[in-house]
Amino acid sequence: MRTKSMTVKNGELYIGDFSLSELSARYRTPLYVYDEEGIIEKINIFKEYFRSDKFATEIVYASKAFLAPYLCKILAGRDISIDAVSVGDLHLIEKSGFPNNRILLHGNNKSNGELEKAVEMGVEYVVVDSYTELARLKDLSEKKEKHINTLFRINPGIYADTHAYIETSLLSSKFGESIHDEEIIDKVVDIYRRAKYLRLDGFHCHIGSQINNPKSFIAAAQTMLNFTKRFAQKYGMEVDVLNLGGGFAIKYLENDAEVDLRWVLTEIIKTVESRVEKYGLKLKKLMIEPGRALVGDSGFTLYRVGLLKKTFGGKKYIFIDGGMSDNIRPALYQAKFTVEVANRVAEPDDDSDPYPSFNFYDVVGKCCESADIIAEAVNIDEVRIGDIIVVYATGAYCYSMSMNYNGLQRGAVIFVKGDKITEAIRRQSLDDLVATCDFGVTE
Ligand code: LLP
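The rules behind these values
- Residues numbered from 1 in each chain as written.
- Predicted model: local features only at pLDDT ≥ 70, side-chain atom pairs only at ≥ 80, totals over all residues.
- Heavy atoms only, no water.
- Helix = DSSP H or I, 4+ residues; strand = E, 2+ residues; numbered from the N terminus.
- Rg over C-alpha atoms; globule rule 2.2 N^0.38 Å.
- Buried < 20%, exposed > 50% of the residue type's maximum accessible area, 1.4 Å probe, protein only.
- Areas by Shrake-Rupley, 256 points an atom, 1.4 Å probe, with all protein chains shown as cover.
- Phe/Tyr/Trp six-rings, centres within 6.5 Å; stacked < 30°, edge-to-face > 60°.
- Lys NZ or Arg CZ within 6 Å of the ring centre and 35° of its normal.
- Near = heavy atom within 4 Å.
- Polar contact = N/O pair within 3.5 Å; in protein donor to acceptor, adjacent residues only side chain to side chain.
- Nonpolar A, V, L, I, M, F, W, Y, C, P; charged D, E, K, R; others polar.
- Contact = heavy atoms within 4.5 Å.
- Pairing = 2+ DSSP bridges.
- Salt bridge = Lys/Arg side-chain N within 4 Å of Asp/Glu carboxyl O.
- Expected span 1.5 Å × (residues − 1).

### A short note on the overall build of the chain
When helices and strands are counted, the chain shows 12 helices and 21 strands. In terms of overall size, the chain behaves like a compact globule, its C-alpha atoms giving a radius of gyration of 24 Å where 443 residues would be expected to give roughly 22 Å. Taken over the C-alpha atoms alone, the chain extends approximately 70 × 65 × 45 Å along its principal axes. When each of the 443 residues of the chain is scored for burial, the buried share is 56%. With an accessible surface of roughly 20200 Å², the chain has 49% of that area assigned to carbon and sulfur atoms.

Shown next, in the form of C-alpha cells:
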C-alpha cells in the first residue's frame with residue numbers, strides 16, 4: 001500500500017529523498033504527506049482514459065476529499081476543474097488563483113450568500129440541488145441581471161454497494177430531486193422556462209463514494225441518458241452536459257478488490273457514446289468528479305508512538321500522537337487502514353518464515369473516546385516507543401474532516417517530489433487554536 005515514490009533504505013521507509021523519520025522530526029507529527037508524483041500519475045490516467053471523439057470531457061476534482069492552494073495549482077496546470085461546496089471552499093480556491101470558469105458550486109443547502117459569491121465569481125456551473133434552490137437562484141439572477149449556467153442534480157435511484165453513510169442515491173437520500181418525481185421535475189422545468197438569466201446546461205448525479213462495482217457507474221450513466229431522452233421528448237428541451245459525479249473506490253487493504261480505473265473509465269465512455277448515438281442525443285460534454293481516486297492513495301499520515309499498553313484482558317495497544325481528530329474514518333464508517341512501522345521495515349527475504357508469529361495490536365489515538373481507533377488487529381513484529389507509524393491511503397477525507405477535539409492541533413500537510421518538499425499547510429499553532437475565542441469577556 002506504499003505510494004509510488006516510496007522506497008526502503010537500511011530498514012527505513014523513504015519518500016523521494018527523505019526518510020519518514022526525518023520528515024516526522026522536521027514537521028512534527030501527526031503529519032500528512034502527499035506523494036506528488038502519485039497524484040500526477042492519477043491525473044494522467046483520468047485524462048488519458050476519460051476522453052471521447054464524440055463529445056468533450058471535463059474532469060472535476062471533488063475538493064471535499066482534500067483542499068489546499070498547492071493542490072489547486074497542480075490541478076490548474078493540468079486542465080482539471082474543481083468543485084466547491086461552500087463559500088469557504090470558494091474563498092480558498094479563489095485565493096489560490098484557480099480559474100473561476102473551471103469551478104463548480106455544489107451543496108444541498110446553499111445560502112444566498114454562497115449563491116451570490118458564485119455568481120459574482122462567474123463560476124462555470126452552479127449545480128442546483130432542489131427546485132426551491134432553483135427558484136432562489138432565479139430571483140438572484142434577475143436581481144443581479146447576470147446569466148448563470150446550471151446543472152440540475154437528479155437522484156437516479158441507483159444502488160451503490162458501499163457504506164450506508166456514503167450512499168447518496170436511495171429513495172430516501174437528501175441530495176438532488178428524484179428521477180421518479182414527475183411533479184417536481186415539472187416545477188423545475190417551469191422555473192427554467194420563466195427564467196431570463198438561468199440556463200439549464202445539463203444534469204448531474206452522484207450515486208455515492210468508495211464504489212467498487214463498476215456496474216453501478218454504468219447503470220447511473222444509462223439511467224441518466226434515458227432520463228435525458230425522456231426529458232427532451234416530454235419538454236422539448238435538449239441539454240448539452242451530463243455530469244456523472246465521483247465515487248471511484250481505492251484500495252485501503254492489500255486484500256481489497258483491485259479497482260481498474262482505466263477499465264471503468266473506458267466502459268463509462270463507451271456506454272455514453274453508444275447511448276448518445278442510439279437515442280440521437282446532442283450531448284456536447286460528459287463530466288466526472290473524482291475526489292478520493294485522485295488523491296486518496298497518494299497520501300499517508302505519520303505519527304509517533306508515545307506509549308504501548310497491554311490490558312488486563314490481554315489487548316495490546318499502540319498509542320499514537322493523533323487519532324480520530326485527524327482521521328475520523330474508522331469511527332464514522334468502520335473504515336480499515338494499512339499500517340506499518342516506518343523506521344523498522346523488514347527487507348523482503350527469500351527464505352522468510354512460512355509460519356510467521358502473530359503479534360496483534362490496535363493502533364489508537366489520544367482522544368477521550370473508545371472509538372478513537374485507527375486500525376485494529378494489526379500484525380506488527382516489533383514496535384517501540386518513539387517509532388514512527390505510517391498509515392496509508394489517508395489522502396482523501398482525513399485532513400479535510402479533521403478537527404480540534406480535545407484541543408489537538410491539526411498537523412502540517414506536505415507534498416514531496418524527489419528532493420523537493422512543499423509545506424502546503426503548516427501545522428496549527430496553539431495560538432491558532434484560540435484565535436476565535438474572546439479572552440476579554442467578563443462576567
Ligand atoms: N461529487 C459529489 C457531488 C460528491 O458529493 C462527492 C463526494 C464526490 C463527487 C466525490 O466522491 P469521491 O470520488 O471522493 O468518492 N467522507 C466520506 C466520503 C464522502 C463523499 C462525499 N461526496 C469518506 O470518508 O468515505
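### Looking at the packing of aromatic side chains
Applying the stated criterion to the full structure yields 15 aromatic pairs. Aromatic pair Phe300 and Tyr392: ring centres 6.3 Å apart, planes at 65°, arrangement edge-to-face. With Phe300 in strand β14 (residues 299–310) and Tyr392 in strand β19 (residues 388–392), the pair connects residues that are 92 residues apart, well separated along the chain. Across this residue pair, the class does not change: Phe300 and Tyr392 are buried. Ring pairing ties together the aromatic residues Tyr32, Tyr34, Phe66, Tyr70, Tyr399 and Phe415, which thus form one cluster. Looking at Lys9, its charged tip hangs above the ring of Tyr14, at a distance of 4.3 Å from the centre. Above the plane of the ring of Tyr399 lies Arg410, whose end atom (NZ or CZ) is 4.7 Å from the centre.

### Quick word on the site of the ligand
The environment of the ligand is formed by 19 residues, the closest being Ser209, Glu289, Arg329, Tyr333 and Tyr397. Here an oxygen atom of the ligand and a backbone polar atom of Gly291 are 2.9 Å apart. Between the ligand and Arg292, the relevant distance is 2.8 Å, taken from an oxygen atom to a side-chain nitrogen or oxygen of the residue. Within the complex, 91% of the 580 Å² of free accessible area of the ligand lies under protein. A breakdown of the residues in the shell around the ligand according to their chemical character gives 6 nonpolar, 8 polar and 5 charged.

### Section: the side chain of Thr150
Assignment of secondary structure puts Thr150 in strand β9 (residues 148–155). Classification of Thr150 by relative accessible area gives buried; the value is 0%. Thr150 has contacts with Tyr125, Val126, Val128, Leu137, Tyr192, Leu198, Arg199, Leu200, Asp201 and Gly202, leaving out every residue within four places of it along the chain.

### Topic: the sheet that holds strand β1 (residues 6–9)
Here we have 3 strands laid out as an open sheet, ordered β1-β2-β3, and antiparallel in their pairing. The strands lining the two open edges of the sheet, one partner per strand, are β1 and β3 (18–19). Alignment of β1 against strand β2 (residues 12–15), held across 4 bridges, turns out to be antiparallel. Bridging from a neighbouring strand, Lys9 pairs with Glu12 of β2.

### A closer look at unusual backbone geometry
Residue Thr29 is joined to Pro30 through a cis peptide bond whose omega torsion reads -5°. Residue placement: Pro30 occurs in the loop between α1 (20–27) and β4 (31–35). Even without being glycine, Ala377 reaches a positive phi, approximately 50°. Along the polypeptide, Ala377 turns up in strand β18 (residues 373–379). For Ala393, which is not a glycine, the phi torsion comes out positive at approximately 60°. Relative to the assigned elements, Ala393 resides in the loop between β19 and β20 (412–417). Note on Ala393: relative accessible area 2%, which makes it buried.

### Quick notes on the environment of Trp263
Inspection of the secondary structure puts Trp263 in helix α9 (residues 261–279). In this structure the C-alpha to C-alpha distance between Trp263 and Gly97, which are 166 residues apart in sequence, comes to 34 Å.

### Re the pattern of salt bridges
Scanning the model with the defined rule gives 26 salt bridges in all. The partner of Asp362 in a salt bridge is Lys315, and the shortest N-O contact between them spans 2.9 Å. Of this pair, Asp362 sits in strand β17 (residues 360–364) while Lys315 sits in the loop between β14 and β15 (316–320); the two residues are 47 residues apart in sequence, bridging distant segments of the chain. Judged by its relative accessible area of 36%, Lys315 falls in the partly exposed class.

### Some details on α9
Taking 1.5 Å of rise per residue, 19 residues should cover 27 Å, and α9 covers 27 Å from first to last C-alpha, within 8% of that figure. Buried residues of α9: Leu261, Val264, Leu265, Glu267, Ile268, Ile269, Thr271, Val272, Glu273, Arg275, Val276 and Tyr279, and no others. For α9, the elements touching its buried residues are α2 (36–49), β5 (56–62), α8 (214–235) and β13 (285–288). Two residues or fewer past α9, Gly280 is found with a positive phi of approximately 65°.

### Side note on helix α5 (residues 112–121)
The complete set of buried residues in α5 reads Glu114, Leu115, Lys117, Ala118, Val119 and Met121. Packed against the buried residues of α5 are α4 (87–95), β7 (103–105), β8 (125–128), α6 (131–144) and β9. Backbone geometry just after α5 places Gly122 at a positive phi near 70°.

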